[in-house]
Amino acid sequence: LSHNFSLQANWTWSHCISDFDPKPTGDAGEDDWVWTNPHDMRFDRGNCDEDVRNIFNLTGIAQTPEFVGRSWGVLARGWQLSPIFQWRSGQPLKIIVPGDPSGNGAFDPIKGSFFQRANCNPSVDPYGGSGPGDQYLNPAAFSFPAPGTLGNCPFNGFHAPAYWQFDVALSRRFAVTE
């Protein structure tokens, strides 16, 4: 804290890729795992569920100086203002379809749903508009796979929108005497 002010910033840039994201079946025992495509274990290679590519934090502290006069000292001494700003890129999204179109029975009992992916239409932009009230994803970019087939959308191949958060704290330090 120099001259009653401090500012700190940090940025994290990362990318997490997973070759293996098995889903539990049945009792979810240790030997009770299946892949979406049991004939190609790399079919589920993609971004990890925790893949947040960018995180930026900016924090600060500003405090009132020590005042000499008794009246100013009582009213203005010890105040601190602490803002925190955070910006994060979006988390990965799984585009899944209801039911079991491939017929492989890959069911996640913890989430209570099947986890088979949709088909992606490469000629349609998957992201919708960017204005208020617009849908983030374009439903026309995705379709239900044909019975007996697996969807072609990449595993965690899309990201939710980025978001930011701003918090601020106002506090006062004072001595407690007898």
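Relevant structure appears above.
Residues numbered from 1 in each chain as written. Predicted model: local features only at pLDDT ≥ 70, side-chain atom pairs only at ≥ 80, totals over all residues. Heavy atoms only, no water.

A. Geometry of the overall build of the protein. A tally of regular secondary structure across the protein gives 1 helix and 14 strands. Taken across its 178 residues, the protein has 28% of its residues classed as buried. Long-range pairs, those at least 24 residues apart, make up 70% of the contacts in the protein between residues at least 6 apart in sequence. As displayed, the protein has an accessible area near 11,800 Å², and 59% of this comes from carbon and sulfur atoms. (Helix = DSSP H or I, 4+ residues; strand = E, 2+ residues; numbered from the N terminus. Buried < 20%, exposed > 50% of the residue type's maximum accessible area, 1.4 Å probe, protein only. Contact = heavy atoms within 4.5 Å. Areas by Shrake-Rupley, 256 points an atom, 1.4 Å probe, with all protein chains shown as cover.)

B. Structural view of the pairing of strand β7 (residues 79-88). Bridging between strand β6 (residues 54-63) and β7 involves 7 bridges; their strand directions are antiparallel. The residue of β7 that forms the bridge with Leu-58 is Phe-85. Across 10 bridges, β7 lies against strand β14 (residues 163-172) in antiparallel orientation. Along β14, the bridge assignment pairs Arg-88 with Tyr-163. (Pairing = 2+ DSSP bridges.)

C. Broad picture of the pattern of salt bridges. Under the definition given, this model contains 3 salt bridges. Here Asp-44 ties to Arg-117 by a salt bridge, and the two come within 2.8 Å at their closest N and O atoms. Of this pair, Asp-44 sits in the loop between β4 (33-34) and β5 (46-47) while Arg-117 sits in the loop between β10 (113-114) and β11 (119-120); the two residues are 73 residues apart in sequence, bridging distant segments of the chain. In this pair, the class of Asp-44 matches that of Arg-117, namely buried. Between Arg-53 and Asp-51 there is a salt bridge, and its shortest N-O distance comes to 2.7 Å. (Salt bridge = Lys/Arg side-chain N within 4 Å of Asp/Glu carboxyl O.)

D. Looking closely at the pairing of β6. Two strands pair when backbone bridges link them, and strand β1 (residues 5-13) and β6 are joined in this way by 9 bridges, in the antiparallel orientation. Bridging from a neighbouring strand, Leu-7 pairs with Gly-60 of β6.

E. Fine view of the side chain of Gln-63. The residue Gln-63 is located in strand β6 in this model. Side-chain polar atoms of Gln-63 contact the side chain of Gln-80, separated by 3.0 Å. One polar contact links Gln-63 to Arg-173, side chain to side chain, over a distance of 3.4 Å. (Polar contact = N/O pair within 3.5 Å; in protein donor to acceptor, adjacent residues only side chain to side chain.)

F. Broad picture of the packing of aromatic side chains. Applying the stated criterion across every chain yields a total of 5 aromatic pairs. Plain terms: the ring middles of Tyr-127 and Tyr-136 are 5.5 Å apart, the flat faces sit at 70° to each other, and that makes the pair edge-to-face. Judged by its relative accessible area of 29%, Tyr-127 falls in the partly exposed class. Overall, Tyr-136 belongs to the partly exposed group, its relative accessible area being 32%. The structure contains a cluster of three or more aromatic residues connected by ring pairs, namely Tyr-127, Tyr-136, Phe-142 and Phe-158. (Phe/Tyr/Trp six-rings, centres within 6.5 Å; stacked < 30°, edge-to-face > 60°.)

G. Examining the sheet that holds β1 more closely. With antiparallel pairing, 4 strands are arranged side by side in an open sheet as β1-β6-β7-β14. Bordering the open sheet on either side are β1 and β14, each of which pairs with just one other strand. Between one strand axis and the next, the sheet turns through 10° on average, direction left out of account. (Axes fitted to C-alpha atoms, helices over the stretch in contact; angles between N-to-C directions.)

H. Region of interest: the nonpolar core. In terms of nonpolar packing, the biggest core is built from 8 residues, these being Ile-95, Val-97, Ala-118, Cys-120, Ala-141, Phe-142, Cys-153 and Phe-158. The residues touching Ala-141, leaving out its near neighbours within four places in the chain, are Asn-119, Cys-120, Asn-121, Val-124, Asp-125 and Pro-126. (Core = buried A, V, L, I, M, F, W, Y, C linked by side-chain atoms within 4.5 Å.)

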